Amino acid sequence: MTKNRKIAVIGAGLGGAAAGALLQQAGYDTRVYEQAPAFSRLGAGIHLGPNVMKVMRRIGIEDKLNAMGSHPTHWFSRDGKSGEYLSRIPLGAFAREEYGAAYITVHRGDLHELMVSTLDQERLYFDKRLVDVDDSGDKVVMTFADGTTDEADLVIGADGVNSRIREKLLGPEAPIYSGWVAHRAIISAEKLKAYDLDFEACVKWWSEDRHMMVYFVTGDEKEYYYVTGVPEPEWNHGTSFVDSSREEMRKAFEGYHPTVQALIDCTETVTKWPLLERNPLPLWHDNRLVLLGDACHPMKPHMAQGAAMAIEDAAMLVRCLDEVGADRYRDAFELYRTNRFERASRVQKVSHDNTWLRRDEDPAWVFGYDVYEVPLRQLQHT
Ligand code: FAD
C-alpha cells in the first residue's frame, strides 16, 4: 500500500539517478524527469570512495565499476614546486579491508551512463525541465517547460545547484561564487610516454592558494585527468563552464614541478568551471517536497565528495522512507534530514577549507561510513 505512492525525482544527475534506481529497486512507483535532451561524455573524472561504492553495491553495479575504474594504491599529496611528499594516504587493498569497499577513480561520463542504465528506461523522461510545482493539494502538480504537467505524491529535488525545488522551498537566491575556478582536462596517457617522469595514479599537487589533482579515469590507464582549484576573484560567465587554454594553465601553474608542466604541455582542450557553494540550508523538505545533493548542499569539490554526498543522501532517503513508511512522508523526510545534515555540512566545510588529505590524517570518518549500517538517529517525538 505505502509503496504505491507515486514518487517523482527531478534531475537525473548522479544523485537523482541513484535515488531513482534505489527507489525503483525498493518497489516504489518512481519516475525520473531530466531537463537535458540527452547526456554526453563530458571530459571529467570523479573519485568514488568506499562510502559510495557501498551504495553502488546495493544498486548492483559495484563489480562493473571495479572493472571500469582505476584503483590507486594511495592518495599522494605533494608540494607543487619541490615535489616533496606531504602525505601518503593508503587506498587499494587497505581501503578494501579497512573501509569495506574499493576506492576508485573513473570517467564521470562512464559512471553516469552506467548509473542511468540502472533506471527503468520507460520511467525516465528526458527534455523535461521542471518550471513549477504546486504542493497545495493532496498531490503535487509539476509543470514542465514544454507545457505538460504530471502529478506525484512526493517530489525529490535532485536538480543541482540551481534547483527549482530549492527555490520553491526557500525563494530565489543565486549560489555563492567561491572565488575559485576549476580547470578540467583529459590527457592521452600515450603522450606522457615521451617524458621520463612518474605519473602517479592519484596525486594532488599543492601550493599556498592553488592545487592540481591528477588521476587516471579508466582501468586501462589510457586517460589521465587533472582538475584544479585556482583563485579567480570574479566570474561573469553564468553558472556553467567556459573554455580555457594551455597558455592560461601555464600562467596559473608557473614554477610548478616538471610533472605538472608536462601535463600542461600535453593538454589539448581544457575547460574552466566556477566553484559554487551555498551555506547549509535551514530547510531540506516541506510537506511533499524534499531536496538532495547539490540542490541542498553544493560545495567546492576539494574533498572529491560532492557527488558522494548526493548518492549517500539518496540511499539514506530511501532507507528512511522504508523505515517510517511513505505514508508518513513528513516524518521520513525529517528522519532523513536528521541523519544527513551534520555529515553533509561537515564535508561542505572541509571542502571549503581545502585541507583534506593535504597532510597525513585518518580519513575513516568519510571512507568508512556505511549508509546502510550507521545507526539511525531517531526523531525526538518518535
Ligand atoms: P547534478 O549532478 O548537478 O545533477 C542535477 C541534474 O538535474 C542535472 O542532470 C540537471 O540537468 C538536472 N536539472 C536541473 N534543473 C532541472 C529542472 N528544472 N528540471 C529537470 N532537471 C533539472 N564529486 C565527487 O563525489 N567526486 C569528485 O571527484 C568530484 N569532482 C568534482 C569536480 C568539479 C570541478 C566539480 C565542479 C564538482 C565535482 N564533484 C565531485 C561534485 C559533483 O559533481 C556534484 O556534487 C554532483 O554532481 C552533485 O550531484 P547532483 O545529482 O546533486 O547534481
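Worth saying up front: this structure is predicted, and the values here are computed from it rather than measured.

Looking at this structure, how should I read the environment of Glu-98?
You can see Glu-98 is positioned in helix H4 (residues 92-99). Distance from Glu-98 to Glu-208, taken between C-alpha atoms, is 32 Å for residues 110 residues apart in sequence.

What am I meant to see in the pattern of salt bridges here?
Oppositely charged side chains may form a pair once their charged atoms are brought near each other. Within this structure, the stated rule accounts for 30 salt bridges. Residues Arg-123 and Asp-29 are paired through a salt bridge, measuring 2.4 Å at the closest nitrogen-oxygen approach. Remark: Asp-29 occurs in strand E2 (residues 29-33) and Arg-123 occurs in the loop between helix H5 (108-117) and strand E7 (124-125); sequence separation between them is 94 residues. Residues joined by salt bridges that share partners form a network here, namely Arg-5, Lys-139, Asp-153 and Asp-327.

Where do I start with the pairing of strand E11 (residues 154-157) in this structure?
Working note: regular strand, side chains alternate between the two faces of the sheet. Burial of the side chains of E11 extends over both faces: Leu-154 and Ile-156 are buried on one face and Val-155 and Gly-157 on the other. Relative to E11, strand E1 (residues 6-10) is paired through 4 bridges, and the arrangement is parallel. Of the residues in E11, the one forming a bridge with Ala-8 is Val-155. Inspection of the sheet shows E11 paired to strand E19 (residues 289-291) by 3 bridges, in the parallel sense. Counted as the bridge partner of Gly-157 is Leu-291 from E19.

I tried to follow the nonpolar core on my own but got confused; where do I start?
Proteins that are soluble and globular tend to have nonpolar side chains buried together. Judged by nonpolar contacts, the single largest core of 102 residues is most densely connected at Met-115, Met-142 and Leu-321. Looking at this core element by element, the count peaks at 12 residues for helix H10 (residues 306-324). Not counting residues within four places of it along the chain, the set of residues in contact with Met-115 comprises Leu-14, Ala-17, Ala-18, Met-56, Ile-59, Ile-61 and Ile-311. Residues Val-181, Ala-185, Trp-205 and Ala-262 belong to the second largest nonpolar core, which totals 26 residues.

How should H10 be read in this particular structure?
At 3.6 residues per turn, the α-helix brings residues three or four places apart onto the same side. Over its 19 residues, H10 extends 27 Å from the first C-alpha to the last, a length consistent with the 27 Å expected when each residue adds 1.5 Å. Within H10, 17 of the 19 residues are buried, leaving the element largely enclosed by the surrounding structure. Gly-325 sits one or two positions beyond H10 and adopts a positive phi of about 100 degrees.

Looking at this structure, how should I read the side chain of Arg-210?
In this fold, Arg-210 is placed in the loop between strand E13 (202-206) and strand E14 (211-216). If we ignore the near neighbours within four places in the chain, the residues touching Arg-210 are Trp-205, Gly-229, Val-230, Pro-231, Ala-252, Phe-253 and Tyr-256.

Would you mind going over the pairing of E13 with me for this structure?
Along E13, 5 of the 5 residues are buried, which leaves the element largely enclosed by surrounding structure. On E13, burial covers both faces: Cys-202, Lys-204 and Trp-206 on one face and Val-203 and Trp-205 on the other are all buried. As judged from the 4 bridges shared by strand E4 (residues 74-79) and E13, these two strands associate in the parallel manner. Within E13, the residue paired with Arg-78 across the bridge is Trp-205. Where E13 and E14 come together, 5 bridges link them in antiparallel fashion.

Conventions we followed
Residues numbered from 1 in each chain as written. Predicted model: local features only at pLDDT ≥ 70, side-chain atom pairs only at ≥ 80, totals over all residues. Heavy atoms only, no water. Helix = DSSP H or I, 4+ residues; strand = E, 2+ residues; numbered from the N terminus. Salt bridge = Lys/Arg side-chain N within 4 Å of Asp/Glu carboxyl O. Buried < 20%, exposed > 50% of the residue type's maximum accessible area, 1.4 Å probe, protein only. Pairing = 2+ DSSP bridges. Core = buried A, V, L, I, M, F, W, Y, C linked by side-chain atoms within 4.5 Å. Contact = heavy atoms within 4.5 Å. Expected span 1.5 Å × (residues − 1).

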